Amino acid sequence: MHQGGDGSMNARDSTRLPTAIIGAGPAGLATAISLQQQGYPCPLLLFDAGRGLSPRIGESIPPAATPPLKDLLGPAAAQHLARHLVCPGSMSVWNSEQPGHNDFLYDLSGQGYHLDRALFEQQLSQGVDWRGIEHYQGYRLLRAESREPGYDLVFRTPDAREESVRAGFVVDATGPASVFARKTGIARNLLDEVLFACARFTLPDNSAGLQHSLIEATANGWWYGARLPDNQMILTLCSDRALIKQQRYQQPWAWLDALQQTTWLRHQIPACISQAAAETLDILLRPAFSSILSAVAGDRWLAVGDAAACYDPISSAGITKALLQGQQAAAAMVQYAQSGEGTALADYQDQVFADFNQYAGVRRQLYHGETRFWNAPFWRRRRGDIKDSPLART
Ligand SMILES: Cc1cc2nc3c(=O)[nH]c(=O)nc-3n(C[C@H](O)[C@H](O)[C@H](O)COP(=O)(O)OP(=O)(O)OC[C@H]3O[C@@H](n4cnc5c(N)ncnc54)[C@H](O)[C@@H]3O)c2cc1C
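The protein is annotated in an unreviewed UniProt entry as FAD-binding domain-containing protein from Marinobacterium aestuarii.

*Asks:* I keep staring at the nonpolar core and nothing clicks. Help me out?
*Replies:* Among soluble globular proteins, nonpolar side chains are generally buried collectively. One finds Leu-69, Leu-124, Leu-153, Phe-180, Trp-301, Leu-302 and Tyr-348 to be the most contacted residues of the largest nonpolar core, which totals 74 residues. Ranked by residue count, the leading element in this core is helix H10 (residues 318-339), at nine residues. Ignoring sequence-local partners within four residues, the contact set of Leu-69 consists of Ile-61, Gly-74, Ala-77, Leu-81, Phe-120, Leu-124 and Leu-323. If you look at the next biggest cluster of nonpolar residues, it comprises 26 residues, including Phe-201, Leu-235, Tyr-249 and Ala-258.

*Asks:* What is the right way to look at the side chain of His-135 in this model?
*Replies:* Turning to its location among the elements, His-135 is positioned in strand E8 (residues 134-137). Since its relative accessible area comes to 17%, His-135 is described here as buried.

*Asks:* Looking at this structure, how should I read the side chain of Ser-239?
*Replies:* By secondary structure assignment, the location of Ser-239 is in strand E16 (residues 232-239). Given a relative accessible area of 0%, Ser-239 falls into the buried group. Within the structure, the side chain of Ser-239 is placed 2.7 Å from the backbone oxygen of Asn-220, a separation counted as a polar contact. Those residues in contact with Ser-239 that lie beyond four places of it in its chain are Val-194, Leu-195, Asn-220, Ile-244, Tyr-249 and Phe-378.

*Asks:* What should I look at first to understand the pairing of strand E9 (residues 140-147) in this one?
*Replies:* Residues in a regular strand point their side chains to alternate faces of the sheet. Inspection of the sheet shows E9 paired to strand E10 (residues 150-156) by seven bridges, in the antiparallel sense. Paired with Ser-146 across the strands is Tyr-151, a residue of E10. Following E9, the chain reverses through two residues before pairing antiparallel with E10.

*Asks:* Could you clarify how one ought to interpret helix H4 (residues 117-130) in this entry?
*Replies:* Since there are 3.6 residues in each turn of an α-helix, residues three or four apart along the chain are aligned in direction. Helix length check: H4 (14 residues) gives 20 Å between terminal C-alpha atoms against 20 Å at 1.5 Å per residue, within 8%. Listed in full, the buried residues belonging to H4 are Arg-117, Leu-119, Phe-120, Glu-121, Gln-123, Leu-124, Ser-125, Gly-127 and Val-128. On the buried face of H4, the contacting elements are helix H1 (26-37), strand E2 (44-48), helix H2 (66-73), helix H3 (77-81), E8 and H10. One or two steps after H4, the chain reaches Gly-132, where phi turns positive at roughly 75°.

*Asks:* Looking at this structure, I do not really get the sheet that holds strand E14 (residues 213-218). What am I missing?
*Replies:* Paired through backbone hydrogen bonds, the strands of a sheet run either parallel or antiparallel to each other. The sheet built from eight strands is open, its strands ordered E6-E5-E14-E15-E16-E13-E17-E20 with mixed pairing. The open sheet has two free edges, formed respectively by strand E6 (100-103) and strand E20 (309-310), since each of these has just one partner strand. Across the sheet, helix H11 (residues 343-369) is in contact with strand E13 (188-202), strand E15 (221-228), E16, strand E17 (284-293) and E20; its angle to E17 comes to roughly 125°.

*Asks:* In this structure, what is going on with the packing of aromatic side chains? I would like to understand it.
*Replies:* By convention here, two paired aromatic rings are described through the distance between centres and the angle between planes. Counted according to the given criterion, the structure contains 21 aromatic pairs. Taking 6.1 Å as the distance between ring centres and 50° as the angle between the ring planes, the aromatic pair formed by Tyr-311 and Phe-356 counts as tilted. Taken together, the residues Tyr-311 in the loop between E20 and H10 and Phe-356 in helix H11 connect sequence positions 45 residues apart. Each member of the pair Tyr-311 and Phe-356 is classed as buried. Through a chain of ring-to-ring contacts, the aromatic side chains of Trp-94, Phe-196, Trp-222, Tyr-367, Phe-373, Phe-378 and Trp-379 assemble into a single cluster. Sitting over the ring of Tyr-311, Lys-321 keeps its end group 4.9 Å from the ring centre. Over the ring of Trp-374 we find Arg-383; its NZ or CZ atom is 3.5 Å from the centre of that ring.

*Asks:* Would you mind showing me how to read the site of the ligand here?
*Replies:* Around the ligand there are 35 residues in total, and Asp-48, Ser-60, Arg-117, Asp-306 and Ile-319 lie nearest to it. Asp-48 is positioned with one of its side-chain polar atoms (N or O) 2.7 Å from an oxygen atom of the ligand. Separating an oxygen atom of the ligand from a backbone N or O atom of Asp-306 is a distance of 2.8 Å. Sorting the residues of the shell around the ligand by element identifies H1, E9, E17 and H10 as the ones contributing at least two each. Looking at side-chain class alone, the shell around the ligand contains 18 nonpolar, 10 polar and seven charged residues.

*Asks:* Hey, could you run me through the pattern of salt bridges in this one?
*Replies:* Side-chain pairs of opposite charge can arise where the charged atoms are in close proximity. If you walk through the whole model with that rule in mind, you get 18 salt bridges. Among the ionic pairs, Glu-193 bridges to Arg-241, the shortest N-O distance being 2.6 Å. With a gap of 48 residues between them, Glu-193 in strand E13 and Arg-241 in helix H6 (residues 241-247) connect regions that are remote in the sequence. Among the residues examined, Glu-193 registers a relative accessible area of 13% and is labelled buried.

What counts and what doesn't
Residues numbered from 1 in each chain as written. Predicted model: local features only at pLDDT ≥ 70, side-chain atom pairs only at ≥ 80, totals over all residues. Heavy atoms only, no water. Core = buried A, V, L, I, M, F, W, Y, C linked by side-chain atoms within 4.5 Å. Buried < 20%, exposed > 50% of the residue type's maximum accessible area, 1.4 Å probe, protein only. Helix = DSSP H or I, 4+ residues; strand = E, 2+ residues; numbered from the N terminus. Contact = heavy atoms within 4.5 Å. Polar contact = N/O pair within 3.5 Å; in protein donor to acceptor, adjacent residues only side chain to side chain. Pairing = 2+ DSSP bridges. Expected span 1.5 Å × (residues − 1). Axes fitted to C-alpha atoms, helices over the stretch in contact; angles between N-to-C directions. Phe/Tyr/Trp six-rings, centres within 6.5 Å; stacked < 30°, edge-to-face > 60°. Lys NZ or Arg CZ within 6 Å of the ring centre and 35° of its normal. Near = heavy atom within 4 Å. Nonpolar A, V, L, I, M, F, W, Y, C, P; charged D, E, K, R; others polar. Salt bridge = Lys/Arg side-chain N within 4 Å of Asp/Glu carboxyl O.

Structure below.
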């Protein structure tokens, strides 16, 4: 690894310094692969803190994810995607008692999928390793300091040492925490925060159907269900931090009770799930933000994926955005490395801001579009009729 501070490199030549990509989720992996594909001239170092044993949540991708995946995975794409489940679209009970359908059938860009999320990231990670990109797993960014002509980064290593690295350019791909950007003083603007109470189930061997994503809006939030590879199913209740606490949705019995109160969803899933015994369930809580950094690119750095901007999972767009932004960020960085001018980085930032504005419009339309529970606090909060004080989060 290129160690900082020993004077062994020409510190004035930032193109000879490595570029550090921090975070190896879909955004960091897509950026690394795409930089290498586009002939980026600097060595690449990819760091990831690791997520321990905590399972990754977020598994539906629409057809729009297929083109970037084909680019990134190359000839192996079809073989890799065949290990996930094709998702023909979604069925949702939203502002109506009758389910509506959104079919992917006529989408020419490709197919939608329900992913085995850990396998999906492994497949992208293999693409990184196959290209010979140095990948440091278990390296957590602790500190970052600007030092001409780049940055000094300090990581905690898997054996609990501190190791410093000098990088000529930094990609922040650390997800919603946007660790590098936050450490260098960039603010994050929060539009909304919802909380997901998630449970995974093993389906009986003879379970048929269940190919669509299933969504049902209720007074206290909305439910989402998807069949996953290997006979797994995920069911999640999206609600508010305040409501989850008040209704005790993190307790399996309260969560199951809420599932029983759905009018449509409970009839779509096998009885062994809707009538599962509370003591067999683990409920995982996961926050999901709608937020954006006040700057997503600057002097020898940029942010990609959730580090740059997070979308509410109702959009099903987080992974697709991460892949596309990885490709856009790589194109901007190649131009920047060739010309030394920041125009390409500024254009990248404009694109991320424009995409977020478009997403915010769609999100608004969706949450305003459910009118059956107009006065319920969850829906009033999404419309901005109730504003929680930051103290309500504790
Ligand atoms: C409940 C829930 C459901 C979702 N459902 C969907 C869905 O159905 N479809 C969809 O498209 N999206 C969904 N999403 C969103 C999707 O998961 C994210 O948009 C996507 O993971 C973003 O990828 P990323 O690479 O930007 O960030 P992440 O996947 O968060 O990856 C960030 C990486 O950075 C690493 N990291 C963090 N801190 C450090 C540090 N200090 N040093 C080094 N490394 C660090 C982490 O270990 C991690 O590997 C969902 C999200 C949630 C919360």
